[in-house]
Amino acid sequence: MASSAEGASRRSDAYQQLGALLSGTEAGLVAAALEDGLSLTSAVGMIDPAKKARVFAIASSAGLKFEGALMAAVLRGAEGAHSTSRAIDTMWTMPGHVAQTGALTSSLVSLVEAARRSVVCSTFNFQKTSGMWNALHEASARPGVSLRVYMDASANAGGGGPSAAEAAQWLFPGVVLQTSSFAGKIVRNHAKFISVDHRFVVITSANFSWSAEYGNVELGVRIDDSSLAQRIEDELLIAEEHLYVAVPPART
C-alpha cells in the first residue's frame, strides 16, 4: 500500500514539474508526437533542446517513460492549463459615430490605465494630442508598473511632434527606445502594438496621435493571451541589440 501511495505521489509531482517546465506549445507538441506513436525519446525532440533531458528524467523517475498514452494525456492537460486565450475582439476608429463595434481609442487608454505590472508598446508617430501621451505618463509613475516604449527615430525629426528625448523625459522612469541604423540605413519602426501585464495585446494600425484615434479609419485587434504577449515582448527584446537604442531623457 505504501509503495502504491509513493508511486502516486511521484507521478503527481512529475505532472506538476512537467506543467511548470513546458510551455503550452511545447506540451502540445510532445503530446501530439506521443499520440502518433513516437517514443518519449523521439517526442522530446520537438522541444527546446535545453529541456529534453529534464523531461526525460522527470518521466523516468515517475515510471512514465514507456506510458505514452498517459504521458500524452498529462501533457494535453498542461497544454490546456497554459492556454489563457479568452477573447479576441476587433476595435475600430472611424470618423463620427460610424463604427458600431469596438472602441479603439478608449480601449487603448483604458487598458493602459488598468495596468498593474507592465506596459510595452510600439508606435511610428507619437503626438502629445494622443490619449496615450497622458495614459503612459501616469502608468510610468504607478508603483510596480514597468514601461517600455519603442519609437521611430525619424517620424518627428522635423519637429512635428515630441522627440524621443522629450518622450523619454515625460515617461521617465519608463524606458524609451528609438530605431537606430542597420546596414547603413535608419530603421523605420512601423510595429504598432500595446502589451499590458504580459497578457493583453492590442495590435493596431493606429499611431499614437489624435487623428489616428479620432479621425482616421483604423483597426485594432485585442487578444487576451499571455503566451502571445510574452512572445512579442521577448522577440522585441532580442531585436533591441541590433535595431534600437535607449534614449536618455531630455535635460530641462
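Keep in mind that this is a model prediction, so the values were computed, not measured.

Draft legend 1. Focus on the overall build of the chain. Along its length, the chain carries 10 helices and 10 strands. In terms of C-alpha radius of gyration, the chain reaches 23 Å, well past the compact-globule figure of 18 Å for 252 residues. Principal axes of the C-alpha set define a box for the chain whose edges measure 75 × 45 × 35 Å. Per-residue burial for the chain yields a buried fraction of 42% across its 252 residues. Excluding contacts between residues fewer than 6 apart, the proportion of contacts in the chain whose partners are at least 24 apart in sequence is 75%.

Draft legend 2. Summary view of the side chain of T123. Mapped onto the secondary structure, T123 falls in the loop between β2 (118–122) and α7 (131–141). One polar contact links the side chain of T123 to the main-chain carbonyl oxygen of N125, over a distance of 3.1 Å. The contacts of T123, once residues within four sequence positions are left out, are Y150, M151, D152, N189, A191, K192, N207 and F208.

Draft legend 3. Quick peek at the packing of aromatic side chains. Applying the stated criterion across every chain yields a total of 5 aromatic pairs. Arranged with centres 5.3 Å apart and planes meeting at 70°, the rings of F126 and F208 form a pair that is edge-to-face. Linking F126 in the loop between β2 and α7 with F208 in the loop between β8 (200–204) and α9 (210–215), this pair joins segments that are 82 residues apart in sequence. Overall, the relative accessible area of 2% leaves F208 in the buried class. Both rings, one in W210 and one in Y214, keep their centres 5.4 Å apart while their planes meet at 25°; by these two values the pair is stacked.

Draft legend 4. Representation of the nonpolar core in the model. Ranked by internal contacts, the top residues of the largest apolar core, which has 32 residues, are V112, V119, M132, L136, V149 and I194. Of all the elements in the fold, those that place two or more residues in this core are α6 (104–113), β2, α7, β3 (146–151), α8 (164–171), β7 (193–196) and β8. Aside from chain neighbours lying at most four places away, what touches I194 is L108, V112, V119, V120, C121, M132, F200, V201, V202 and F208.

Draft legend 5. Geometry of the environment of E67. By the element assignment, E67 lies in the loop between α4 (49–61) and α5 (68–82). Distance from E67 to L34, taken between C-alpha atoms, is 9.3 Å for residues 33 residues apart in sequence. A distance of 2.6 Å separates the side chain of E67 from the side chain of R11, its partner in a polar contact.

Draft legend 6. Structural detail: the side chain of T204. Position of T204 among the secondary structure elements: in strand β8. Residue classification places T204 among the buried residues on the basis of a relative accessible area of 8%. A polar contact is formed between the side chain of T204 and the backbone nitrogen of A206, at a distance of 2.9 Å. Not counting residues up to four positions away in its chain, the partners in contact with T204 are L104, K192, L219 and G220.

Draft legend 7. The arrangement of the pattern of salt bridges in detail. Taken as a whole and assessed by the stated rule, the structure comprises 8 salt bridges. Across the salt bridge formed by E67 and R11, the nearest N and O atoms sit 2.6 Å from each other. Note that E67 is positioned in the loop between α4 and α5 and R11 in helix α1 (residues 2–21), a separation of 56 residues in sequence. For E67, a relative accessible area of 29% corresponds to the partly exposed category. Residues R231 and E235 are paired through a salt bridge, measuring 2.9 Å at the closest nitrogen-oxygen approach. In this pair, R231 and E235 are both assigned in helix α10 (residues 226–243), 4 residues apart and thus about one turn of the helix distant. Using a relative accessible area of 56% as the deciding quantity, one classes R231 as exposed.

Scoring rules and cut-offs
Along each chain, residue indices are assigned from 1 in the same order as the chain's sequence is written. Under the rules for a predicted model, residues below a pLDDT of 70 receive no local features and side-chain atom pairs below 80 are neither given nor counted, while totals for whole chains, interfaces and linings still include all residues. Excluding hydrogens and water, the side-chain figures rest on all heavy atoms present in the structure. Helix and strand definitions follow DSSP, with helices as H or I runs of at least four residues and strands as E runs of at least two, each counted in order from the N terminus. Just to be clear, the radius of gyration here is over C-alpha atoms, and the globule rule we use is 2.2 Å times residues to the power 0.38. A 1.4 Å probe rolled over the protein chains alone gives each residue an accessible area, and that area as a share of the maximum for its type sets the label: buried under 20%, exposed over 50%, partly exposed in between. Working rule for contacts: check all heavy atoms of both residues, and any pair within 4.5 Å makes them a contact. Here a polar contact is recorded for every N or O atom pair within 3.5 Å, except that within protein the pair must consist of a potential hydrogen donor and a potential acceptor, and residues adjacent in sequence are included only if both atoms are side-chain atoms. Here the aromatic set is Phe, Tyr and Trp, taking the six-membered ring for Trp, and pairing holds for ring centres within 6.5 Å; pairs whose planes are under 30 degrees apart are stacked, those over 60 apart are edge-to-face, and all others are tilted. In these notes, a set of buried Ala, Val, Leu, Ile, Met, Phe, Trp, Tyr and Cys residues joined through side-chain atoms within 4.5 Å is what counts as a nonpolar core. The salt bridge criterion pairs a side-chain nitrogen of Lys or Arg with a carboxyl oxygen of Asp or Glu, the two atoms within 4 Å.

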